[in-house]
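# A closer look at the structure
Here is how the chains run, residue by residue.
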Amino acid sequence: MNTMQLTVDNDVDKMEKYSQAVDLLNNGEVVAFPTETVYGLGAVATDDAAVKKIFAAKGRPSDNPLIVHIGNIEELALYIEEIPEVAKRCMDAFWPGPLTIVMKAKQNVLAPSVTAGLQTVGMRMPDHPVALELLRTLKKPLAAPSANRSGKPSPTKAAHVAEDLAGVIPCILDGGSTGIGLESTVLDVTLEQPVILRPGGVTKEMLEAVIGFVLEPNLEEQKIESTPKAPGMKYTHYAPNAPVYLIEQEPQIIAQAVLQLQQEGHRVALLAPTPFCDLKANFFFTFGDESNVEQMGAVLYDALRACDKTDATIILATSTELQGVGVAIMNRLEKAAGGKWYK
Ligand code: AMP
Ligand code: MG
(Lines give C-alpha, C1' and ligand atoms only; values in the text may rest on other atoms or scores of the structure.)
(Ligands and ions follow the chains in the order given, each with its own letter.)
Protein backbone atom coordinates (compact mmCIF):
# COMPACT_ATOMS: atom_id res chain seq x y z
CA MET A 1 0.00 0.00 0.00
CA ASN A 2 1.16 3.51 -0.82
CA THR A 3 1.11 5.83 2.22
CA MET A 4 0.24 9.49 1.47
CA GLN A 5 1.89 11.96 3.81
CA LEU A 6 -0.09 15.22 3.79
CA THR A 7 1.37 18.30 5.47
CA VAL A 8 -1.45 20.37 6.93
CA ASP A 9 0.44 23.15 8.73
CA ASN A 10 -0.28 26.64 7.28
CA ASP A 11 -0.94 25.18 3.89
CA VAL A 12 -2.88 26.67 0.98
CA ASP A 13 -4.39 23.30 -0.02
CA LYS A 14 -5.27 22.54 3.57
CA MET A 15 -9.01 21.99 3.05
CA GLU A 16 -8.41 19.65 0.13
CA LYS A 17 -6.08 17.57 2.29
CA TYR A 18 -8.62 17.35 5.11
CA SER A 19 -11.29 16.22 2.67
CA GLN A 20 -8.96 13.51 1.32
CA ALA A 21 -8.51 12.24 4.88
CA VAL A 22 -12.25 12.48 5.58
CA ASP A 23 -13.08 10.55 2.38
CA LEU A 24 -10.71 7.77 3.40
CA LEU A 25 -12.28 7.59 6.87
CA ASN A 26 -15.82 7.58 5.43
CA ASN A 27 -14.73 4.72 3.17
CA GLY A 28 -13.72 2.58 6.15
CA GLU A 29 -9.98 3.35 6.06
CA VAL A 30 -7.57 4.40 8.83
CA VAL A 31 -5.74 7.77 8.96
CA ALA A 32 -2.91 8.88 11.26
CA PHE A 33 -3.20 12.42 12.67
CA PRO A 34 -1.47 14.61 15.25
CA THR A 35 -2.93 15.43 18.66
CA GLU A 36 -1.42 17.48 21.49
CA THR A 37 -0.28 14.23 23.19
CA VAL A 38 1.02 11.84 20.48
CA TYR A 39 0.00 10.91 16.90
CA GLY A 40 -3.17 8.82 16.77
CA LEU A 41 -4.30 6.17 14.27
CA GLY A 42 -7.98 6.89 13.70
CA ALA A 43 -10.98 5.07 12.25
CA VAL A 44 -14.69 5.93 12.44
CA ALA A 45 -15.66 4.60 15.87
CA THR A 46 -19.05 3.27 14.72
CA ASP A 47 -17.57 1.23 11.84
CA ASP A 48 -16.40 -2.12 13.20
CA ALA A 49 -14.59 -3.24 10.03
CA ALA A 50 -12.65 0.06 9.98
CA VAL A 51 -11.76 -0.18 13.69
CA LYS A 52 -10.46 -3.73 13.15
CA LYS A 53 -7.96 -2.27 10.63
CA ILE A 54 -6.41 -0.25 13.49
CA PHE A 55 -5.77 -3.44 15.47
CA ALA A 56 -4.34 -5.14 12.36
CA ALA A 57 -2.05 -2.22 11.40
CA LYS A 58 -0.65 -1.89 14.94
CA GLY A 59 -0.53 -5.60 15.77
CA ARG A 60 -2.56 -4.61 18.83
CA PRO A 61 -4.13 -7.31 21.04
CA SER A 62 -7.92 -7.25 20.51
CA ASP A 63 -8.65 -7.11 24.26
CA ASN A 64 -6.99 -3.67 24.61
CA PRO A 65 -9.78 -1.08 24.07
CA LEU A 66 -9.43 2.18 22.13
CA ILE A 67 -10.07 5.78 23.17
CA VAL A 68 -12.84 7.59 21.28
CA HIS A 69 -12.12 11.18 20.20
CA ILE A 70 -14.83 13.79 19.63
CA GLY A 71 -14.72 17.33 18.24
CA ASN A 72 -17.49 18.86 20.42
CA ILE A 73 -18.54 18.20 24.02
CA GLU A 74 -22.23 17.95 23.00
CA GLU A 75 -21.51 14.75 21.01
CA LEU A 76 -20.70 12.93 24.23
CA ALA A 77 -24.39 12.29 25.01
CA LEU A 78 -24.65 10.14 21.86
CA TYR A 79 -22.22 7.57 23.24
CA ILE A 80 -22.50 7.76 27.03
CA GLU A 81 -25.38 6.30 29.05
CA GLU A 82 -25.27 8.85 31.85
CA ILE A 83 -22.58 11.51 32.27
CA PRO A 84 -21.50 11.58 35.94
CA GLU A 85 -21.20 14.96 37.72
CA VAL A 86 -17.46 14.34 38.31
CA ALA A 87 -16.97 13.85 34.56
CA LYS A 88 -18.78 17.10 33.78
CA ARG A 89 -16.53 19.03 36.12
CA CYS A 90 -13.43 17.42 34.58
CA MET A 91 -14.59 18.24 31.05
CA ASP A 92 -15.29 21.86 32.00
CA ALA A 93 -11.80 22.17 33.42
CA PHE A 94 -9.69 20.07 31.03
CA TRP A 95 -11.42 19.64 27.64
CA PRO A 96 -10.21 20.05 25.03
CA GLY A 97 -7.07 18.54 26.52
CA PRO A 98 -5.02 15.46 27.46
CA LEU A 99 -7.63 13.82 29.71
CA THR A 100 -9.49 10.62 28.73
CA ILE A 101 -12.56 9.91 30.86
CA VAL A 102 -13.79 6.31 31.17
CA MET A 103 -17.60 6.18 31.49
CA LYS A 104 -20.42 3.68 30.93
CA ALA A 105 -21.02 3.31 27.17
CA LYS A 106 -24.46 3.32 25.53
CA GLN A 107 -25.21 -0.14 24.18
CA ASN A 108 -24.93 -0.89 20.45
CA VAL A 109 -23.76 2.55 19.30
CA LEU A 110 -19.98 2.26 19.10
CA ALA A 111 -18.30 -0.57 17.17
CA PRO A 112 -17.83 -3.60 19.48
CA SER A 113 -14.05 -3.72 18.79
CA VAL A 114 -13.64 -0.20 20.25
CA THR A 115 -14.58 -1.27 23.77
CA ALA A 116 -13.07 -4.77 23.50
CA GLY A 117 -16.19 -6.21 25.10
CA LEU A 118 -16.21 -3.82 28.09
CA GLN A 119 -19.33 -1.90 29.22
CA THR A 120 -17.21 1.25 29.48
CA VAL A 121 -15.50 3.53 26.98
CA GLY A 122 -12.70 6.09 27.29
CA MET A 123 -13.66 9.46 25.70
CA ARG A 124 -11.50 12.48 24.95
CA MET A 125 -11.62 15.80 23.11
CA PRO A 126 -8.10 16.54 21.86
CA ASP A 127 -6.61 20.04 22.01
CA HIS A 128 -4.90 20.20 18.63
CA PRO A 129 -6.02 22.28 15.63
CA VAL A 130 -5.46 19.42 13.15
CA ALA A 131 -7.26 16.79 15.24
CA LEU A 132 -10.18 19.17 15.88
CA GLU A 133 -10.42 20.23 12.24
CA LEU A 134 -10.43 16.59 11.14
CA LEU A 135 -13.13 15.61 13.67
CA ARG A 136 -15.31 18.62 12.90
CA THR A 137 -15.08 18.10 9.12
CA LEU A 138 -15.79 14.38 9.51
CA LYS A 139 -18.66 14.95 11.99
CA LYS A 140 -18.15 11.45 13.39
CA PRO A 141 -16.22 10.10 16.41
CA LEU A 142 -12.74 8.65 15.83
CA ALA A 143 -11.45 5.63 17.70
CA ALA A 144 -7.72 6.23 17.96
CA PRO A 145 -4.85 4.63 19.86
CA SER A 146 -1.29 5.86 19.40
CA ALA A 147 -0.09 5.43 15.78
CA ASN A 148 2.84 3.08 16.49
CA ARG A 149 3.36 -0.67 16.13
CA SER A 150 2.14 -2.23 19.37
CA GLY A 151 4.91 -2.27 22.01
CA LYS A 152 7.01 0.51 20.41
CA PRO A 153 7.33 4.07 21.79
CA SER A 154 4.40 6.29 20.73
CA PRO A 155 4.99 8.62 17.75
CA THR A 156 5.52 12.32 18.43
CA LYS A 157 6.39 13.17 14.78
CA ALA A 158 4.88 12.13 11.44
CA ALA A 159 8.25 10.52 10.63
CA HIS A 160 7.83 8.17 13.63
CA VAL A 161 4.45 7.07 12.28
CA ALA A 162 6.03 6.43 8.88
CA GLU A 163 8.84 4.38 10.49
CA ASP A 164 6.27 1.98 11.94
CA LEU A 165 3.35 2.10 9.50
CA ALA A 166 4.48 3.26 6.02
CA GLY A 167 3.08 0.82 3.47
CA VAL A 168 0.51 -0.41 5.99
CA ILE A 169 -1.86 2.60 6.26
CA PRO A 170 -3.09 4.87 3.43
CA CYS A 171 -2.57 8.32 4.96
CA ILE A 172 -0.62 10.33 7.55
CA LEU A 173 -1.63 13.92 8.29
CA ASP A 174 1.61 15.68 9.18
CA GLY A 175 1.08 18.52 11.68
CA GLY A 176 4.65 18.69 12.99
CA SER A 177 5.84 17.61 16.44
CA THR A 178 3.20 17.00 19.12
CA GLY A 179 3.39 19.31 22.15
CA ILE A 180 3.10 17.16 25.27
CA GLY A 181 4.69 14.00 23.91
CA LEU A 182 3.05 11.64 26.42
CA GLU A 183 -0.34 9.90 26.05
CA SER A 184 -3.41 11.34 27.78
CA THR A 185 -4.21 10.80 31.43
CA VAL A 186 -6.88 8.06 31.69
CA LEU A 187 -9.38 8.69 34.51
CA ASP A 188 -12.02 6.09 35.36
CA VAL A 189 -15.13 7.69 36.91
CA THR A 190 -17.31 4.54 36.92
CA LEU A 191 -16.17 3.47 40.39
CA GLU A 192 -16.90 4.87 43.84
CA GLN A 193 -13.61 6.81 43.79
CA PRO A 194 -12.22 8.30 40.57
CA VAL A 195 -9.06 6.34 39.63
CA ILE A 196 -6.15 7.35 37.39
CA LEU A 197 -5.56 4.28 35.20
CA ARG A 198 -2.72 5.95 33.32
CA PRO A 199 -0.88 9.13 34.42
CA GLY A 200 -0.37 11.87 31.81
CA GLY A 201 -0.31 15.61 31.18
CA VAL A 202 -3.31 16.28 33.46
CA THR A 203 -1.81 15.41 36.84
CA LYS A 204 -3.37 14.06 40.05
CA GLU A 205 -2.85 17.48 41.66
CA MET A 206 -4.70 19.21 38.81
CA LEU A 207 -7.60 16.74 39.00
CA GLU A 208 -7.86 16.94 42.79
CA ALA A 209 -8.14 20.74 42.60
CA VAL A 210 -11.36 20.19 40.61
CA ILE A 211 -12.97 16.96 41.92
CA GLY A 212 -11.30 16.21 45.26
CA PHE A 213 -9.59 12.93 46.18
CA VAL A 214 -8.38 10.81 43.25
CA LEU A 215 -6.73 7.38 43.52
CA GLU A 216 -3.48 6.90 41.62
CA PRO A 217 -2.13 3.35 42.02
CA ASN A 218 1.54 2.99 41.04
CA LEU A 219 2.73 0.09 38.84
CA GLU A 220 3.34 -2.13 41.89
CA GLU A 221 -0.11 -1.39 43.34
CA GLN A 222 -1.67 -2.06 39.94
CA LYS A 223 -0.40 -5.64 40.16
CA ILE A 224 -2.52 -6.18 43.29
CA GLU A 225 -5.67 -8.15 42.44
CA SER A 226 -8.17 -5.68 43.98
CA THR A 227 -6.79 -2.57 42.20
CA PRO A 228 -8.65 -1.31 39.10
CA LYS A 229 -6.52 -1.66 35.97
CA ALA A 230 -6.51 -0.35 32.43
CA PRO A 231 -6.88 -3.35 30.12
CA GLY A 232 -3.66 -2.39 28.31
CA MET A 233 -1.56 -2.72 31.49
CA LYS A 234 -0.47 -6.27 30.85
CA TYR A 235 1.28 -5.57 27.54
CA THR A 236 4.86 -4.45 26.82
CA HIS A 237 5.02 -0.74 26.05
CA TYR A 238 7.37 1.95 24.77
CA ALA A 239 10.24 -0.51 24.27
CA PRO A 240 13.26 0.15 22.00
CA ASN A 241 15.18 -2.91 20.70
CA ALA A 242 18.06 -2.83 23.21
CA PRO A 243 17.21 -3.39 26.91
CA VAL A 244 16.54 -0.22 28.93
CA TYR A 245 17.76 0.30 32.51
CA LEU A 246 16.75 3.16 34.76
CA ILE A 247 19.54 4.95 36.59
CA GLU A 248 19.68 7.75 39.17
CA GLN A 249 20.40 11.28 37.90
CA GLU A 250 23.89 11.27 39.51
CA PRO A 251 26.92 12.03 37.29
CA GLN A 252 29.29 9.81 39.29
CA ILE A 253 26.96 6.82 39.33
CA ILE A 254 26.34 7.17 35.60
CA ALA A 255 30.03 7.63 34.68
CA GLN A 256 30.87 4.49 36.66
CA ALA A 257 28.03 2.51 35.04
CA VAL A 258 29.06 3.57 31.52
CA LEU A 259 32.68 2.53 32.14
CA GLN A 260 31.73 -0.81 33.69
CA LEU A 261 29.32 -1.68 30.87
CA GLN A 262 31.86 -0.73 28.21
CA GLN A 263 34.46 -2.93 29.91
CA GLU A 264 31.94 -5.79 29.66
CA GLY A 265 31.82 -5.15 25.89
CA HIS A 266 28.61 -3.11 25.74
CA ARG A 267 27.91 -0.10 23.53
CA VAL A 268 25.96 2.22 25.81
CA ALA A 269 23.25 4.71 24.83
CA LEU A 270 22.64 7.30 27.55
CA LEU A 271 19.35 9.20 27.79
CA ALA A 272 19.82 12.04 30.25
CA PRO A 273 19.54 15.82 30.70
CA THR A 274 21.86 17.93 28.52
CA PRO A 275 24.52 18.59 31.25
CA PHE A 276 25.26 14.80 31.25
CA CYS A 277 26.39 14.81 27.60
CA ASP A 278 30.12 14.40 28.28
CA LEU A 279 29.96 11.19 30.36
CA LYS A 280 31.58 9.16 27.53
CA ALA A 281 28.63 6.97 26.62
CA ASN A 282 28.82 5.62 23.04
CA PHE A 283 25.59 7.45 22.19
CA PHE A 284 23.89 10.34 23.95
CA PHE A 285 20.30 11.54 23.58
CA THR A 286 19.15 14.50 25.60
CA PHE A 287 16.13 14.75 27.90
CA GLY A 288 16.51 18.57 27.76
CA ASP A 289 17.08 20.85 30.76
CA GLU A 290 17.82 19.19 34.07
CA SER A 291 14.69 20.06 36.01
CA ASN A 292 12.19 20.68 33.21
CA VAL A 293 9.87 17.64 33.24
CA GLU A 294 7.57 19.08 30.55
CA GLN A 295 10.54 19.26 28.18
CA MET A 296 11.58 15.73 29.14
CA GLY A 297 8.06 14.47 28.35
CA ALA A 298 8.12 16.16 24.96
CA VAL A 299 11.38 14.48 23.84
CA LEU A 300 11.18 11.12 25.67
CA TYR A 301 9.79 8.96 22.84
CA ASP A 302 11.99 10.61 20.21
CA ALA A 303 15.01 9.74 22.37
CA LEU A 304 13.85 6.14 22.90
CA ARG A 305 13.22 5.74 19.17
CA ALA A 306 16.61 7.29 18.31
CA CYS A 307 18.31 4.40 20.17
CA ASP A 308 16.95 1.99 17.56
CA LYS A 309 18.95 3.83 14.88
CA THR A 310 22.22 3.07 16.72
CA ASP A 311 23.97 -0.22 17.42
CA ALA A 312 23.79 0.33 21.18
CA THR A 313 23.49 -2.94 23.12
CA ILE A 314 22.17 -1.34 26.31
CA ILE A 315 20.27 1.86 27.14
CA LEU A 316 20.58 3.81 30.39
CA ALA A 317 17.81 6.35 31.08
CA THR A 318 17.91 8.76 34.01
CA SER A 319 14.98 8.82 36.43
CA THR A 320 13.09 11.95 37.43
CA GLU A 321 11.09 13.17 40.43
CA LEU A 322 7.66 11.66 41.07
CA GLN A 323 5.90 15.00 40.94
CA GLY A 324 3.52 16.56 38.42
CA VAL A 325 4.24 15.25 34.90
CA GLY A 326 7.22 13.37 36.41
CA VAL A 327 4.72 10.67 37.48
CA ALA A 328 3.72 10.08 33.84
CA ILE A 329 7.34 10.09 32.67
CA MET A 330 8.42 7.54 35.28
CA ASN A 331 5.38 5.38 34.44
CA ARG A 332 6.49 5.23 30.77
CA LEU A 333 10.19 4.77 31.61
CA GLU A 334 9.45 1.96 34.09
CA LYS A 335 7.44 0.19 31.41
CA ALA A 336 10.11 0.78 28.76
CA ALA A 337 12.64 -0.70 31.21
CA GLY A 338 10.34 -3.52 32.32
CA GLY A 339 11.00 -2.25 35.87
CA LYS A 340 14.80 -2.80 35.63
CA TRP A 341 17.22 -0.43 37.44
CA TYR A 342 20.96 -0.42 36.83
CA LYS A 343 22.67 -1.83 39.92
P1 AMP B 1 -3.40 3.93 23.55
O2 AMP B 1 -3.75 2.70 22.81
O3 AMP B 1 -1.92 4.13 23.60
O4 AMP B 1 -4.15 5.12 23.08
O5 AMP B 1 -3.86 3.67 25.04
C6 AMP B 1 -5.21 3.61 25.42
C7 AMP B 1 -5.24 3.29 26.89
O8 AMP B 1 -6.51 3.55 27.44
C9 AMP B 1 -4.93 1.82 27.15
O10 AMP B 1 -4.08 1.71 28.27
C11 AMP B 1 -6.29 1.23 27.43
O12 AMP B 1 -6.20 0.08 28.22
C13 AMP B 1 -7.00 2.40 28.11
N14 AMP B 1 -8.46 2.33 27.93
C15 AMP B 1 -9.14 2.55 26.82
N16 AMP B 1 -10.46 2.32 27.00
C17 AMP B 1 -10.62 1.94 28.28
C18 AMP B 1 -11.73 1.53 29.07
N19 AMP B 1 -12.97 1.48 28.59
N20 AMP B 1 -11.50 1.21 30.34
C21 AMP B 1 -10.26 1.27 30.84
N22 AMP B 1 -9.17 1.62 30.15
C23 AMP B 1 -9.33 1.95 28.88
MG1 MG C 1 -0.31 3.30 22.72
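Residues numbered from 1 in each chain as written. Chains lettered and ligands numbered in written order. Predicted model: local features only at pLDDT ≥ 70, side-chain atom pairs only at ≥ 80, totals over all residues. Heavy atoms only, no water.

### Re the sheet that holds strand β14 (residues 314-318)
Going by this rule: Paired strands, as defined in this entry, are two strands with at least two bridges between them according to DSSP. Think of it this way: any DSSP run of H or I at least four residues long counts as a helix, any run of E at least two long counts as a strand, and we number them from the N terminus. Only C-alpha atoms enter the line fits that serve as axes; for helices the fit covers just the stretch in contact. Angles between N-to-C directions range over 0 to 180 degrees. Here a residue-residue contact requires only that any non-hydrogen atoms of the pair lie within 4.5 Å.
Taken in spatial order, the four strands make up an open sheet running β11-β14-β12-β13, and their pairing is parallel. Looking at strand neighbours, the two that pair on one side only are β11 (244-247) and β13 (283-286), the edges of this open sheet. Taken pair by pair, the neighbouring strands of this sheet meet at an average axis angle of 20 degrees, ignoring direction. As defined by bridge partners, strand β12 (residues 268-272) adjoins β14 across four bridges and the pair is classed as parallel. Within the sheet, the bridge partner assigned to Val268 lies in β14 and is Ile314. The strands touched by helix α9 (residues 251-263) within the sheet are β11, β12 and β14, with β14 carrying the most contacts at an inclination of about 175 degrees.

### Section: the pattern of salt bridges
We count it as follows: Here a salt bridge means any side-chain nitrogen of Lys or Arg lying within 4 Å of a carboxyl oxygen belonging to Asp or Glu. Burial classification: accessible surface area is computed with a 1.4 Å probe over protein chains only, and a residue below 20% of its type maximum counts as buried, one above 50% as exposed, and the rest as partly exposed.
For the structure on display, the rule yields 14 salt bridges. Of the charged contacts in the structure, one is a salt bridge between Glu183 and Arg332, with a shortest N-O distance of 2.7 Å. With Glu183 in the loop between β8 (171-174) and β9 (185-188) and Arg332 in helix α11 (residues 326-336), the pair connects residues that are 149 residues apart, well separated along the chain. Exposure remark for Arg332: the relative accessible area of 1% places this residue in the buried category. Residue Glu220 is joined to Lys223 by a salt bridge in which the shortest nitrogen-to-oxygen separation is 3.1 Å. Residue classification places Lys223 among the exposed residues on the basis of a relative accessible area of 60%.

### Some details on the packing of aromatic side chains
Going by this rule: Whether two aromatic rings pair depends on their centres lying within 6.5 Å, for rings of Phe, Tyr and Trp, where Trp uses its six-membered ring; planes under 30 degrees apart make the pair stacked, over 60 edge-to-face, and the rest tilted. Think of it as a cone above the ring: NZ of Lys or CZ of Arg counts as a charge over the ring if it is within 6 Å of the ring centre and within 35 degrees of the ring normal.
Per the stated rule, a full pass over the model turns up one aromatic pair. When the ring of Tyr238 is compared with that of Tyr301, the centres are 5.5 Å apart and the planes differ by 25 degrees; the resulting orientation is stacked. Residue Tyr238 is found in the loop between α8 (219-222) and β11, and its partner Tyr301 is found in helix α10 (residues 293-307); the two are separated by 63 residues along the sequence. The aromatic ring of Tyr245 is capped on one face by Lys340, whose charged end is 5.1 Å from the ring centroid.

### Observations regarding the site of ligand 1
What counts is decided by this rule: For each residue, the test is whether any non-hydrogen atom lies within 4 Å of the molecule or strand; if one does, the residue is near. Any N or O atom pair separated by 3.5 Å or less is treated as a polar contact, with the protein-specific requirement of one donor-capable and one acceptor-capable atom, and with residues adjacent in sequence counted only for side-chain atom pairs. Throughout, the Shrake-Rupley method with a 1.4 Å probe supplies accessible areas, and for residues the shown protein chains are the sole cover considered.
Taken together, 18 residues sit near ligand 1, with Arg60, Asn64, Thr120, Arg198 and Gly232 positioned nearest. The side chain of Thr120 places a nitrogen or oxygen atom 3.1 Å from a nitrogen atom of ligand 1. In the environment of ligand 1, an oxygen atom lies 2.9 Å from a nitrogen or oxygen atom belonging to the side chain of Arg198. Look at ligand 1: alone it shows 500 Å² of surface, and the protein chains cover 93% of it. Residue assignment for the shell around ligand 1 shows that the elements contributing at least two residues are β6 (120-124) and β10 (195-198).

### What about the state of the cysteines?
Just so we agree on the cut-off: Disulfides are defined as cysteine sulfur pairs within 2.5 Å.
What the rule picks out here adds up to zero disulfides. Cys307 takes part in no disulfide bond, and the closest cysteine sulfur to it belongs to Cys277, at a distance of 16 Å.

### Let's talk about the packing of helix α3 (residues 85-94) against helix α7 (residues 204-211)
Any two packed helices are characterised by the angle at which their axes cross and by the distance between the axes. Applicable threshold: Small angles under 35 degrees read as roughly parallel and large ones over 145 as roughly antiparallel, with 65 to 115 read as roughly perpendicular and the rest as oblique. For any helix crossing, the convention is left-handed if the near helix is rotated counterclockwise from the far helix by under a right angle, and right-handed if that rotation is clockwise. Gly is put with the polar residues, along with every residue not named as nonpolar or charged; the nonpolar set is Ala, Val, Leu, Ile, Met, Phe, Trp, Tyr, Cys and Pro, and the charged set is Asp, Glu, Lys and Arg.
Interhelical geometry of α3 versus α7 gives an angle of 120 degrees and a closest axis separation of 10 Å. Considering the angle they form, α3 stands oblique to α7. Judged by the sense of rotation from one axis to the other, the crossing of α3 with α7 is right-handed. Each of Val86, Arg89, Cys90, Ala93 and Phe94 in α3 lies in contact with α7, whose residues at this interface are Met206, Leu207, Val210 and Ile211. Classifying every residue of the contact of α3 with α7 gives eight nonpolar, no polar and one charged.

Interpretation in functional terms is not warranted from these geometric data alone.
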